[in-house]
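Residue-level structural notes
What follows is each chain in one-letter form.
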Amino acid sequence: MASTHSSQATPNPSGLHVALDEHLPVDHRLNQVYRYGAGLMGLILLAFGILGLTHNLGFFDTGNDTVAGLNTNGALSVLSICVGLLLFVGMVIGGNFASTLNMVLGILFILSGFVNLGLLDTGANFLNFRIQNVLFSFVVGIMLMWFGMYGRVGSTLPHDNPYWKARHPDEAATEEQARVERMRARELPEAGRQG
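Given the structure is predicted, the values throughout are model-derived calculations rather than measurements.

**Concerning the environment of N102**
Structurally, N102 is set in helix 3 (residues 95–119). Taking the C-alpha atoms as reference points, N102 and I142, 40 residues apart in sequence, are found 9.9 Å from one another. Those residues in contact with N102, other than ones at most four positions away along the chain, are Y34, G37, A38, L87, L144, M145, F147 and G148.

Shown next, in the form of structure tokens:
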């Protein structure tokens, strides 16, 4: 990979670097995970929202109207389309933006699941949620968080991972120096044979 990695963030006073905004090289393979994850989840939400709108439901209707096994109304359909389009924007931009967008929306979906679980069978259930919608919200939230965090957080990231390098700059520099020295050591005997 020809990309170089640079991080403009500085470590916090304790010396532990935990920021999630480090630079990801454009051609890094993790970029595909973030893009495909955002695109897949965006496609699911967009399809659900469009199917909901084709049923000509009331905007805040709280009946038993279902699409693909999930209760819906006009407001939930429009909201699903908007979030789906936002995920498509993340897919197009890719990189850290897509990763962070996946994580943030994943957290919001999980929070939405908990909030709407509390609103079931109340007059404040404007999005017409039922238990299957709550479970769907949890699943989508977990999947988005998984796609966003993949290769970005964890205690066992490989040492060629750009996020590991950003969090361990001294160790990364030492490993890079050792790699360069190994390459030079291999080149010397070959140069001696050729001469």
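**Thoughts on the environment of F59**
Position of F59 among the secondary structure elements: in the loop between helix 1 (30–54) and strand 1 (66–67). Residues F59 and L127, spaced 68 residues apart in sequence, show a C-alpha to C-alpha distance of 8.8 Å. Residues within four places of F59 in sequence aside, it is in contact with N73, G74, A75 and V78.

**Some remarks on the nonpolar core**
Within the largest apolar cluster, 11 residues are counted, these being A38, M41, L45, V83, L87, L101, L105, F109, V140, L144 and F147. For this core, the secondary structure elements donating two or more residues are helix 1, helix 2 (74–93), helix 3 and helix 4 (131–149). Not counting chain neighbours up to four residues away, the residues in contact with L45 comprise S80, I81, V83, G84, L87, F109 and F136. One finds F48, L70, F129 and F138 within the second-largest nonpolar core, a separate group that totals 10 residues.

**Focus: the packing of helix 3 against helix 4**
Working note: a packed helix pair is described by the angle between its axes plus the distance between those axes. Running from N to C, helix 3 and helix 4 cross one another at 160 degrees; their axes reach a closest spacing of 7 Å. Relative to helix 4, helix 3 is oriented roughly antiparallel. For the pair helix 3 and helix 4, the crossing hand works out as left-handed. Its residues assigned to classes, the contact of helix 3 with helix 4 shows 16 nonpolar, nine polar and no charged.

**Regarding the packing of aromatic side chains**
By the definition in use, this model includes three aromatic pairs. Seen in terms of ring centroids, F48 and F136 are 6.4 Å apart; in terms of plane orientation they differ by 40 degrees. Their pairing is tilted. Taken as a pair, F48 in helix 1 and F136 in helix 4 lie far apart in primary sequence, 88 residues in all. When its relative accessible area of 7% is taken as the criterion, F48 is described as buried.

**Describing the layout of surface pockets**
If you add up the space inside the second largest pocket, you get close to 310 Å³. Along the wall of the second largest pocket there are 16 residues; nearest its centre are L76, L79, F109, S112 and F129. If you list the elements that add at least two residues to the lining of the second largest pocket, you get helix 1, helix 2, helix 3 and helix 4. Of the residues in the lining of the second largest pocket, the class split is 12 nonpolar, four polar and no charged.

Cut-offs applied
- Residues numbered from 1 in each chain as written.
- Predicted model: local features only at pLDDT ≥ 70, side-chain atom pairs only at ≥ 80, totals over all residues.
- Heavy atoms only, no water.
- Helix = DSSP H or I, 4+ residues; strand = E, 2+ residues; numbered from the N terminus.
- Contact = heavy atoms within 4.5 Å.
- Core = buried A, V, L, I, M, F, W, Y, C linked by side-chain atoms within 4.5 Å.
- Buried < 20%, exposed > 50% of the residue type's maximum accessible area, 1.4 Å probe, protein only.
- Axes fitted to C-alpha atoms, helices over the stretch in contact; angles between N-to-C directions.
- Parallel < 35°, antiparallel > 145°, perpendicular 65-115°, else oblique.
- Left-handed = near helix turned anticlockwise from the far one by under 90°.
- Nonpolar A, V, L, I, M, F, W, Y, C, P; charged D, E, K, R; others polar.
- Phe/Tyr/Trp six-rings, centres within 6.5 Å; stacked < 30°, edge-to-face > 60°.
- 1 Å grid on protein atoms, 1.4 Å probe; cavity = no way out; pocket = protein on both sides within 12 Å on 5 of 7 lines; lining within 4 Å.
- Points joined across faces, edges and corners; volume = space filled by probe spheres on them.

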